[in-house]
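Report on the structure
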Amino acid sequence: MVRLYLFAEGQTEQTFADTLIKPHLAQHEVFMHPPRLIAHARKKGKVHRGGGRNYAPMKNDILRSLNEDSNRDVFFTTMIDLYAIHPDFPGLAESESLRHPVQRVEFLEQRFAEDIGDYRFRPYIQLHEYEAYLFADPTCFEYLDANRTKEIEALKAIANQYETPEFINDGQQTAPSKRIIAQFPDYEKAKSVFGPLLAEGIGLQVIRSRCPHFNTWLSRLESL
């Protein structure tokens, strides 16, 4: 059995990884340690976690963890957003010329891995934010209010416009979370609670079938 550390951008990803990904990987003999929030700053010797917006503290956090556990049977991965990624992220300027979002994010993952420089580091960047997974089956929002069929149908209509929910992101006000909040305002107040619960209602297999970049990452983790 190999071991895995996962650095999450926020509490929503952290809980999702702990409740859905961790038990799934255990079936493939991959033991995931409790997911940790990735560092976004270090002030007065204290590491501040969550957000993943600043690249330098994020990189230092990963390098520090790689040094702390240098065993060959331990691996490290990330679950961070392409959405609003920091300008200092390696390869970001070069990636702007890549029109297809999957090509762009795969290029950034490659540059990220090269910058860390350790074969045990297997980064993953979400296209574009966590809430895209919830568009894999918008009927999950019946959990919030089963009577709001009009709002659920509106989310279904959005999902049907895209080849994959991972492509739902047209700008700051049209990102997946913004589209969800427009229909279900209560989601904004407790994203870190509702997000993983709704994903659990959808099921990991459905999310994988609708989100190919996510599926590729999870498949790679299964075969560590």
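See the structure printed just above.
To start, this report covers the structure provided alongside it.

Definitions and limits used
- Residues numbered from 1 in each chain as written.
- Predicted model: local features only at pLDDT ≥ 70, side-chain atom pairs only at ≥ 80, totals over all residues.
- Heavy atoms only, no water.
- Helix = DSSP H or I, 4+ residues; strand = E, 2+ residues; numbered from the N terminus.
- Rg over C-alpha atoms; globule rule 2.2 N^0.38 Å.
- Buried < 20%, exposed > 50% of the residue type's maximum accessible area, 1.4 Å probe, protein only.
- Contact = heavy atoms within 4.5 Å.
- Areas by Shrake-Rupley, 256 points an atom, 1.4 Å probe, with all protein chains shown as cover.
- Phe/Tyr/Trp six-rings, centres within 6.5 Å; stacked < 30°, edge-to-face > 60°.
- Expected span 1.5 Å × (residues − 1).
- Arc of directions from axis to C-beta.
- Pairing = 2+ DSSP bridges.

Next up on the list: the overall build of the chain. Assigned secondary structure in the chain consists of nine helices and eight strands. The globule rule puts the C-alpha radius of gyration for 224 residues at 17 Å, and the 17 Å found for the chain is close to it. Its C-alpha atoms give the chain principal-axis dimensions of about 50 × 40 × 35 Å. Going through the 224 residues of the chain one by one, you find that 50% of them count as buried. Restricting to contacts in the chain with at least 6 residues of sequence separation, those with at least 24 account for 68%. For the chain, the accessible area works out to roughly 10700 Å², and carbon and sulfur atoms hold 47% of it.

Turning next to unusual backbone geometry. The omega angle of the peptide bond from Leu127 to His128 is -10 degrees, so this bond is cis rather than trans. Mapped onto the elements, His128 comes out in the loop between β8 (125-126) and α5 (149-160). Phi at Glu29 takes a positive value of approximately 60 degrees, unusual for a residue other than glycine. Following the sequence through the fold, Glu29 ends up in the loop between α1 (11-26) and β2 (30-32). Among the residues examined, Glu29 registers a relative accessible area of 51% and is labelled exposed.

Below, the discussion takes up the packing of aromatic side chains. As enumerated under the stated definition, the model contains 14 aromatic pairs in all. Between Tyr55 and Phe112, the aromatic rings sit 5.8 Å apart at their centres with planes inclined by 65 degrees, giving edge-to-face as the arrangement. Linking Tyr55 in helix α2 (residues 55-68) with Phe112 in helix α4 (residues 101-116), this pair joins segments that are 57 residues apart in sequence. Looking at Phe112, the relative accessible area reads 0%, which means it is buried. Seen in terms of ring centroids, Tyr133 and Phe214 are 5.0 Å apart; in terms of plane orientation they differ by 55 degrees. Their pairing is tilted.

Right, let's get into the side chain of Thr12. By secondary structure assignment, the location of Thr12 is in helix α1. Of the residues examined, Thr12 reaches a relative accessible area of 10% and is grouped as buried. The contacts of Thr12, once residues within four sequence positions are left out, are Tyr130, Lys191, Ser192, Gly195 and Pro196.

Take α4 next. For α4, built from 16 residues, the straight-helix expectation of 22 Å at 1.5 Å per residue is met to within 8% by its first-to-last C-alpha distance of 23 Å. Every buried residue of α4 is accounted for by Arg104, Val105, Leu108, Glu109, Phe112 and Ile116. Projected down its long axis, α4 shows its buried positions confined to an angular sector of 135 degrees, all on one face. As for α4, its buried residues are in contact with α2, β6 (74-81), α3 (92-95), β7 (121-122), β8 and α9 (212-222). Looking one or two places after α4, you find Gly117, whose phi comes out positive at around 70 degrees.

Once that is clear, we can look at the pairing of β6. Of all eight residues in β6, eight are buried, a share of seventy percent or more. The alternating pattern of β6 places Val74, Phe76, Thr78 and Ile80 on one face and Phe75, Thr77, Met79 and Asp81 on the opposite face, and all of these are buried. Bridge analysis of strand β1 (residues 2-8) against β6 gives six bridges, and the strand direction is parallel. Paired with Arg3 across the bridge in β6 is Val74. Across two bridges, the pairing between β6 and β7 is parallel. In the sheet register, Phe76 faces β7, and the bridge partner there is Phe121. In the sheet, β6 pairs with β8 via two bridges, with the strands oriented parallel.

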